[in-house]
Amino acid sequence: MKHFFITTIVAIAALASATTLAAQSKIGVIGGFTSSDSNVKNFDTKSVSQYHAGLTVQIPLFLGLSIQPSIQYQVKGTKLDQVQSGSSFSVDTKVGYLEVPVAIQYGLDLALLKPYVFAEPFVGYGISCEAKQNGLNQTVETLKNKWEEANISRLEYGLGLGAEIDI
């Protein structure tokens, strides 16, 4: 009976805590512009601009700490050109990933704004890819969703670090 009573109290406390966290959680839509630049030896690289969009939920924990899991579609790419001895070679890639980032945030709530820092590990899976290769003999080859032939990995992972301000 004593064990049942303690278990019931712990279950009620956990449920109340989860209900409070759910009430304080914020659900939102994310979207934006991504600009990247590659640095590859012996290639002239160009900046590539793409987009991302998805859904997110911010769950406050305690003392300014929160967790923010998301799911988003992110398009990434690169453009590379190489010119040697009068011949040229170029590659233009565009890859769409379904990503799941989970941001761990710490910040101060200052009424009108909330500055915070975050660490955001993520994992992604490739949904679409297109690679255009302009070879030495000036033929253009387009590889659509041929991951291995384009030498592009379908699985990606990484860590984002940053600082933001919620207004």
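Anyway, here's the lowdown on the structure attached to this text. (Residues numbered from 1 in each chain as written. Predicted model: local features only at pLDDT ≥ 70, side-chain atom pairs only at ≥ 80, totals over all residues. Heavy atoms only, no water.)

Observations regarding the nonpolar core
(1) Moving on: Among the nonpolar cores identified, the biggest contains five residues, and these are Val95, Tyr97, Cys129, Trp147 and Ile152.
(2) Moving on: Every residue in contact with Ile152, bar those within four places of it in the chain, is listed here: Thr93, Val95, Tyr97, Cys129 and Trp147. (Core = buried A, V, L, I, M, F, W, Y, C linked by side-chain atoms within 4.5 Å. Buried < 20%, exposed > 50% of the residue type's maximum accessible area, 1.4 Å probe, protein only. Contact = heavy atoms within 4.5 Å.)

A few points about the pattern of salt bridges
(1) Moving on: Applying the stated rule across the entire model yields two salt bridges.
(2) Moving on: The partner of Glu99 in a salt bridge is Lys76, with the nearest N and O atoms 2.9 Å apart. With Glu99 in strand S5 (residues 87-107) and Lys76 in strand S4 (residues 65-84), this pair connects stretches of sequence that are 23 residues apart.
(3) Moving on: Residues Lys76 and Glu156 are paired through a salt bridge, measuring 2.9 Å at the closest nitrogen-oxygen approach. Of this pair, Lys76 sits in strand S4 while Glu156 sits in strand S8 (residues 155-166), and the two are 80 residues apart along the sequence.
(4) Moving on: Under the relative-accessibility criterion, Lys76 is labelled partly exposed at 25%. (Salt bridge = Lys/Arg side-chain N within 4 Å of Asp/Glu carboxyl O. Helix = DSSP H or I, 4+ residues; strand = E, 2+ residues; numbered from the N terminus.)

A short note on the environment of Gly160
(1) Moving on: The topology assignment puts Gly160 in strand S8.
(2) Moving on: Through-space distance from the C-alpha of Gly160 to that of Pro121 is 6.2 Å; in sequence the pair is 39 residues apart.
(3) Moving on: Once residues lying within four places of it in the same chain are set aside, the contact partners of Gly160 are Phe118, Ala119 and Glu120.

Some details on the layout of surface pockets
(1) Moving on: Counted as a void, the largest pocket has a volume near 490 Å³.
(2) Moving on: Lining the largest pocket are 24 residues, with Ile30, Gln68, Ser70, Glu120 and Glu164 positioned closest to its centre.
(3) Moving on: Sort the elements by how many residues they give to the lining of the largest pocket and S4 lands first, with five residues.
(4) Moving on: Along the lines of polarity and charge, the residues of the lining of the largest pocket split into eight nonpolar, ten polar and six charged.
(5) Moving on: In terms of lining, the second largest pocket is formed by eleven residues, of which the most central are Lys26, Gln58, Asp109, Lys114 and Asp166.
(6) Moving on: Residues belonging to the lining of the second largest pocket are distributed by class as follows: four nonpolar, three polar and four charged. (1 Å grid on protein atoms, 1.4 Å probe; cavity = no way out; pocket = protein on both sides within 12 Å on 5 of 7 lines; lining within 4 Å. Points joined across faces, edges and corners; volume = space filled by probe spheres on them. Nonpolar A, V, L, I, M, F, W, Y, C, P; charged D, E, K, R; others polar.)

Structural notes on the side chain of Gln72
(1) Moving on: Note on placement: Gln72 falls in strand S4.
(2) Moving on: Since its relative accessible area comes to 10%, Gln72 is described here as buried.
(3) Moving on: Of note is the side chain of Gln72, whose polar atom sits 3.3 Å from the side chain of Gln74.
(4) Moving on: In contact with Gln72, not counting residues within four places along its chain, are Ile30, His52, Ala53, Gly54, Tyr97, Leu98, Glu99 and Pro101. (Polar contact = N/O pair within 3.5 Å; in protein donor to acceptor, adjacent residues only side chain to side chain.)

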